[in-house]
Amino acid sequence: MGKTITRREFIKTSMAGAGLAIAVSLTPCGCRLLSAGEAEREAKAFSPNVWLKIGSDNIVSVIVNKSEMGQGVFTALPMIVADELDADWKQIHAEFAPAADKYKDPAWGRQSTGGSSSVSHMYEPLRKAGASARQMLLAAAAKTWGVPVSECNAKKGTVLHEKTERTLTYGELTVKAAGLAVPQNPPLKDKDLFTYIGTPLPRLDIDAKVNGVARFGIDTQVPGMLYAAIARPHAYGSKAVAFNQDAAMKIKGVRNVVALQTGIAVCAETPDAAWEGTAALKAKWDKGAEPGLDTESLRKRFLADLDREGLSARNDGDAKAALARAAKKVEAVYALPYLSHTTMEPMNCTVRIGPDACELWVPTQNQTGVLALAQKETGLKPGQIRVNTTYLGGGYGRRFETDSVEEALKIAKAVKKPVKLIWKREEDMQHDFYRPANCSQVEGGLDEKGRLVAWAHTIVCPSIFARAFPDRVKDGIDPAAVEGLKNLEYEVPNISVRYVRIDTPVPVGFWRSVGSSHNGFTVESFADEMAHAAGKDPLEFRVNLLKNHPRPRRVLEVAAEKAGWSRPLSGGAEGKGIAQVFSFGTYVAQVAEVSVDREDGIIRVHRVVCAVDCGDVVNPAIITAQMEGGILMGLSAAMKEAIAFKDGGVATSNFDTYPLLRISEAPKIEVHILESGEKLGGIGEPGLPPIAPAVANAVFNAAGIRLRMLPMTPTTVSEAMKKA
Amino acid sequence: MIHLEINGTRHMVDVSPEVPLLWVIREHLKLTGTKYGCGIGLCGSCTVHIDGEARRSCQVPVGDAEGKKIVTIEGIPESHPVKKAWVREQVPQCGYCQSGQIMQAIALLSEDANPSEKKIIDTMEGNLCRCGTYLSIKRAVRSAAKEG
Ligand code: FES
Ligand code: FES
């Protein structure tokens with residue numbers, strides 16, 4: 001965990017002349033830069049968001065208001081500051097921001113991490129903060145030497161006066177610089193002059209992670225803390241009818257039993273005692289809300305709902321009439337399962353509540369949510385609550401939820417001791433907010449020339465937003481459910497998209513790439529089906545539908561060219577498939593090469609070639625890593641993952657029933673980054689959606705079978721082969 | 001009382017012998033570099049060395065570890081060729097699985113200084129990485145073998 005300081009301490013130290021600090025106050029129309037003193041005075045009028053601090057020891061601290069869950073913000077955000085500041089990268093130090101208004105993301109008005117937006121939201125304010133501090137340091141040096149500022153230059157944390165060969169480090173200048181006015185509109189560097197932005201700088205968190213000293217939430221140790229474990233019901237909506245509190249209390253080390261809404265918590269001096277305690281409770285639960293709920297009943301409900309009318313999310317031209325007129329029609333139904341996030345670090349939260357202070361240590365993507373919950377549970381004011389964001393052992397959207405935080409707060413309140421709550425893997429997998437299952441019925445029409453003239457799409461999908469952000473559900477349409485459909489870029493004159501909301505007891509949430517994780521598969525598989533029906537090459541078919549959309553066209557062309565799309569396959573691959581998906585501001589196309597074992601139904605992915613256009617590039621090494629990670633997580637889901645249900649709850653429980661992709665199944669991956677200079681897009685999520693359709697399309701190319709349901713397990717493949 | 005030797009230091013822990021070694025290392029002795037991922041031996045996050053062999057500490061009752069030499073990620077020097085290769089190749093993303101990956105890779109290379117691609121894959125197969133760092137892991141193992 002990075003060393004953190006409270007704002008008060010920070011102001012004190014900087015006012016005492018220990019360092020130069022810049023606060024960036026983000027207003028609706030841009031950002032305003034403030035010195036630490038001004039920030040303190042104006043804190044009410046403006047909410048300063050991001051701090052950079054230079055100490056007399058030359059260390060530049062960048063306080064990162066985004067959660068580091070592997071996507072690299074702990075490096076990428078400091079790089080932006082360091083570049084404009086002309087700092088020495090070796091002297092950059094990143095710190096996690098506590099939860100506070102001033103650290104809210106300006107675009108969202110909340111402090112949280114998601115939507116692959118950290119760099120794009122923070123780019124401009126961080127550049128300005130760096131540039132402004134640099135100007136102040138230059139001015140301070142010029143003043144010290146009595147020379148014009150124009151004769152001074154900044155480089156690697158030092159100001160130079162070439163004529164007289166004099167130098168001063170930033171650390172030596174902080175006191176003087178801190179007394180100067182903060183330039184409001186510092187000139188930003190020309191892109192050509194970037195020294196760090198655009199380069200594959202090593203990540204700042206690697207050493208800690210390689211040496212086992214990076215502190216994740218689950219690693220928190222607080223003096224005097226108890227361990228909390230929770231016995232939970234299997235079925236949704238089920239409540240305890242009986243449990244043996246005495247038996248649990250008899251176990252050595254067990255100190256408390258606390259009944260919660262979500263289960264029965266046992267607190268003990270050691271984690272093993274806490275778990276032994278939950279078992280000793282021998283809790284009996286009622287049958288819950290829907291005891292008959294299982295995988296098959298859910299599947300039937302989703303498919304049956306395809307017949308419902310639903311709501312119109314998009315209506316271009318007249319798809320119905322165009323289909324009636326079409327020379328050729330294709331109709332297909334696709335279905336995708338509920339998926340678990342399965343962060344390798346299970347949910348956990350540590351809480352200490354005192355009479356006038358509360359402290360939390362939590363691997364969260366949602367500091368604003370955690371702070372609000374802590375306020376509600378403790379009745380304390382925001383200033384009395386400290387949220388320490390630790391490293392996150394994976395997030396993927398799961399850690400936007402605050403369910404485990406609420407439990408930990410309630411338990412700590414009840415037992416009046418610091419508490420570390422740890423979920424077991426089984427709890428983590430069975431009490432997730434899943435990627436929604438969904439199914440789509442798509443009809444496409446071609447004219448005599450084989451041109452795609454109609455696309456009618458109905459999707460049945462639960463709503464994530466109805467629970468998470470109800471304000472964003474407009475006219476009953478869940479924005480995630482129609483992601484990639486409402487904004488489908490293929491130039492089809494007649495498009496209709498209908499949304500059927502289905503409500504089941506299964507909670508749903510944001511899962512890496514959200515709606516694009518399923519709609520990417522449906523759309524790009526169907527585009528392939530239409531290309532086949534038109535007798536066209538899948539690449540050419542897509543390119544022809546993107547005449548006025550150069551960015552998706554280009555990623556397709558680059559991926560195809562680098563993959564050798566028009567060349568015969570080699571290395572044992574038997575088929576190739578292509579797909580492109582736009583999500584979170586970024587265009588990604590992938591070509592997958594596969595072979596299919598006719599005997600055992602195993603699909604082997606040999607190679608994936610990926611082209612990505614995320615606009616400007618901050619750190620290409622991180623982009624490549626995120627593309628690889630997205631592809632492998634997407635492949636894991638496409639080939640292996642599905643949550644199963646039984647007796648009213650989740651049947652899947654651990655890696656034996658929910659296998660993840662392993663190293664032997666990881667294909668070769670080549671990533672090509674297109675520097676388009678367009679608006680910055682995200683990188684954490686967009687690598688994921690194209691892989692499932694690219695593989696499914698390659699399987700069709702290899703074996704002539706069209707897999708419309710995920711995951712593409714050996715059983716599904718064998719069954720499809722039999723039918724073919 | 002159970003006597004343990006971890007990273008060359010002797011510890012005495014008051015714990016019943018069937019408690020998994022993992023929790024004793026992490027929570028009783030506060031060596032939190034070793035991670036919990038599944039508790040059933042299927043993810044490899046909890047991998048440590050016991051008498052030089054890579055073992056899933058969630059599957060080892062602490063009583064069985066008495067009298068043996070246990071090494072965790074904290075006991076591997078920063079200058080170890082595998083750790084250096086992990087830094088060179090910038091392997092970690094979220095980092096949570098990486099202690100286990102590194103301990104597994106060290107055990108592999110100490111047994112076979114120049115493992116084949118197949119051997120690398122077979123040996124690392126038990127270590128899950130949800131972030132998808134598998135390709136960097138392969139590169140890092142090869143790089144460590146070369147530089148080692
Ligand atoms: S925690 Fe031991 S193998 Fe997963
Ligand atoms: S680096 Fe995140 S699980 Fe491996």
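What you see is a predicted model; the values in this text were computed from it and never measured.

Criteria and thresholds
- Residues numbered from 1 in each chain as written.
- Chains lettered and ligands numbered in written order.
- Predicted model: local features only at pLDDT ≥ 70, side-chain atom pairs only at ≥ 80, totals over all residues.
- Heavy atoms only, no water.
- Helix = DSSP H or I, 4+ residues; strand = E, 2+ residues; numbered from the N terminus.
- Rg over C-alpha atoms; globule rule 2.2 N^0.38 Å.
- Contact = heavy atoms within 4.5 Å.
- Areas by Shrake-Rupley, 256 points an atom, 1.4 Å probe, with all protein chains shown as cover.
- Buried < 20%, exposed > 50% of the residue type's maximum accessible area, 1.4 Å probe, protein only.
- Pairing = 2+ DSSP bridges.
- Axes fitted to C-alpha atoms, helices over the stretch in contact; angles between N-to-C directions.
- Buried area = accessible area lost by both parts, 1.4 Å probe.
- Salt bridge = Lys/Arg side-chain N within 4 Å of Asp/Glu carboxyl O.
- Polar contact = N/O pair within 3.5 Å; in protein donor to acceptor, adjacent residues only side chain to side chain.
- Nonpolar A, V, L, I, M, F, W, Y, C, P; charged D, E, K, R; others polar.
- pLDDT = per-residue confidence, 0-100.
- Domains from an automatic or database assignment.
- Disulfide = S-S within 2.5 Å.
- Core = buried A, V, L, I, M, F, W, Y, C linked by side-chain atoms within 4.5 Å.

(A) The arrangement of the overall build of chain A in detail. Per the secondary structure count, chain A includes 20 helices and 28 strands. For chain A, the C-alpha radius of gyration of 28 Å lies close to 27 Å, the compact-globule estimate for 724 residues. The C-alpha extent of chain A, read off along each of the three principal axes, is 85 × 70 × 50 Å. Once local pairs closer than 6 in sequence are excluded, the contacts in chain A between residues at least 24 apart make up 76%. Accessible surface, chain A: about 26,800 Å² in total, of which carbon and sulfur atoms supply 52%.

(B) Quick look at the overall build of chain B. Looking only at helices and strands, one finds 5 helices and 5 strands in chain B. Along chain B, from the amino end to the carboxyl end, the secondary structure elements read β-β-α-β-β-β-α-α-α-α. The C-alpha radius of gyration of chain B comes to 15 Å, within 12% of the 15 Å expected for a compact globule of 148 residues. The principal-axis extents of the C-alpha atoms in chain B amount to approximately 45 × 25 × 25 Å. Considering chain B as a whole, with its 148 residues, one finds that 57% of them fall into the buried category.

(C) Representation of unusual backbone geometry in the model. All names here are of chain A. Following L710, the chain continues into P711 via a peptide bond in cis, with omega recorded as 0°. Inspection of the secondary structure puts P711 in the loop between α19 (691-703) and α20 (714-723). Here F584, not a glycine, exhibits a phi torsion of approximately 50°, which is positive. With respect to the helices and strands, the residue F584 is situated in the loop between β23 (575-583) and β24 (586-596). Under the relative-accessibility criterion, F584 is labelled partly exposed at 23%.

(D) Layout of helix α1 (residues 21-28) of chain B. Burial analysis of α1(B) places 7 of its 8 residues in the buried class, the great majority of the element. Positive phi shows up at K30(B), right after α1(B), with a value of about 60°.

(E) Highlighting the sheet that holds strand β28 (residues 668-673) of chain A. Residue and element names in this part refer to chain A. Here we have 4 strands laid out as an open sheet, ordered β23-β24-β25-β28, and mixed in their pairing. Only two strands of the sheet have a single partner each, and these edge strands are β23 and β28. When strand polarity is set aside, the average angle formed by the axes of neighbouring strands in this sheet is 15°. Summarising the sheet, β23 and β24 pair through 9 bridges and their orientation is antiparallel. Across the sheet, residue I578 finds its bridge partner in β24, namely V591. Each of β24, β25 (603-613) and β28 is contacted by helix α18 (residues 620-639), which is oriented at about 135° to β28, the strand it contacts most.

(F) Here's a closer look at the interface of chain B and chain A. Chain B puts 48 residues into the contact, and the matching count from chain A is 61 residues. A per-residue breakdown of the area chain B buries against chain A is headed by Q93(B), Y96(B) and R130(B), which together make up 20% of the total. Our count for the contact surface shared by chain B and chain A stands at 6 salt bridges. A salt bridge links R130(B) to E641(A); its shortest N-O distance comes to 2.6 Å. The interface formed by chain B and chain A includes 29 residue pairs in polar contact (both at pLDDT 80 or more). Counting only elements with at least two residues in the side of chain B that touches chain A, the list comes to α1, α2 (81-88), α3 (98-111), α4 (117-124) and α5 (134-147) of chain B. Looking at the side of chain B that touches chain A, the element that brings in the most residues is α5(B), giving 6 residues. Of the residues that constitute the side of chain B that touches chain A, the class distribution is 22 nonpolar, 14 polar and 12 charged.

(G) Region of interest: the pattern of salt bridges. In the structure shown here, the tally under the stated rule is 54 salt bridges over all chains. For E68(A), the salt bridge goes to R203(A), with nearest N and O atoms at 3.2 Å. Taken together, the positions of E68(A) in the loop between β4 (60-64) and α3 (73-85) and R203(A) in the loop between α5 (170-178) and α6 (206-210) put the pair 135 residues apart, joining distant regions of the chain. Judged by relative accessible area, R203(A) falls into the buried class, the value being 9%. A salt bridge links D528(A) to R542(A); the nearest nitrogen and oxygen atoms lie 3.1 Å apart. Highlighted residues: D528(A) in helix α15 (residues 516-534) and R542(A) in helix α16 (residues 538-544), separated in sequence by 14 residues. Neither D528(A) nor R542(A) differs from the other in exposure class; each is buried. Each of the salt bridges in this network shares a partner with another, and the network as a whole consists of D219(A), K420(A), R26(B), E27(B) and K35(B).

(H) How the structure looks around the sheet that holds strand β21 (residues 452-461) of chain A. All names here are of chain A. The 5 strands are arranged β14-β22-β21-β20-β15 in an open sheet whose pairing can be described as mixed. The sheet is open, and its two borders are formed by β14 (311-316) and β15 (328-336), each paired with just one other strand. With strand direction ignored, the average angle separating the axes of adjacent strands in the sheet is 10°. In this structure, β15 lies alongside strand β20 (residues 438-446), joined through 9 bridges in antiparallel fashion. Bridge assignment links A335 to a residue of β20, and that residue is C439. Strands in contact with α15 are β15, β20 and β21; relative to β15, the strand with the most contacts, it is inclined by about 155°.

(I) Spatial organisation of the confidence of the model for chain B. The predicted model of chain B averages 97 in pLDDT, with 99% of residues at 70 or higher. Scored as a whole, the predicted complex attains pTM 0.95, and scored at its interfaces, ipTM 0.98.

(J) The arrangement of α4(B) in detail. When we look at burial in α4(B), the residues that qualify are I120(B), I121(B), T123(B) and M124(B). Against the buried residues of α4(B) lie α3 and α5 of chain B.

(K) Seen up close, the confidence of the model for chain A. Residue and element names in this part refer to chain A. Residues of chain A with pLDDT of at least 70 account for 93%, and the chain-wide mean is 92. pLDDT under 50 marks residues 27-31. Its contacts with residues more than four places away, or in other chains, come to 7 contacts. Low confidence marks residues 40-49, where pLDDT is under 50. Its contacts with residues over four positions away, or in another chain, come to 28 contacts.

(L) Quick peek at the side chain of S496(A). Within the secondary structure, S496(A) sits in strand β22 (residues 494-501). The contact partners of S496(A), leaving out residues within four places of it in the chain, are R314(A), N315(A), A319(A), W455(A), A456(A) and H457(A).

(M) Inspection of the domain arrangement of chain A at higher detail. Residues and elements named next belong to chain A. Assigned domains within chain A: domain 1 (44-211), domain 2 (217-287 + 347-422) and domain 3 (295-339 + 433-723). Between domain 1 and domain 3 lies a buried interface of about 1,300 Å² when both sides are counted; carbon and sulfur atoms form 61% of it. For domain 1, the biggest contributors to the area lost against domain 3 are Q71, S116 and K191; these three give 33% of the whole. Seen at the junction of domain 1 and domain 3, the total is 7 residue pairs in polar contact (both at pLDDT 80 or more). Mapped onto the side of domain 1 that touches domain 3, the elements with two or more residues apiece are α3 and α4 (118-145). By residue class, the composition of the side of domain 1 that touches domain 3 is 9 nonpolar, 10 polar and 3 charged.

(N) Spatial organisation of the pairing of strand β4 (residues 53-56) of chain B. All names here are of chain B. Of the strand pairs in this sheet, strand β3 (residues 47-50) and β4 are connected by 4 bridges, and their pairing is antiparallel. Note on β4: the bridge partner recorded for I50 is E53. Between β3 and β4, which follow one another and run antiparallel, lie 2 residues, and D51 among them has a positive phi close to 50°.

(O) Quick peek at the state of the cysteines. Under the counting rule described, the total for this entry stands at 0 disulfides over all chains. Here C267(A) stays free of any disulfide, with the sulfur of C349(A) as its closest cysteine sulfur at 13 Å.

(P) Region of the structure containing the nonpolar core. With 248 residues, the main nonpolar core has Y338(A), I603(A), V695(A), L4(B), L21(B) and W86(B) as its most contacted residues. The biggest single contributor to this core is α4(A), with 13 residues. With residues near it in sequence (within four places) discarded, V695(A) still touches A592(A), V594(A), I603(A), V605(A), L635(A), M639(A) and M712(A). If you look at the next biggest cluster of nonpolar residues, it comprises 30 residues, including C358(A), I385(A), V387(A) and V415(A).

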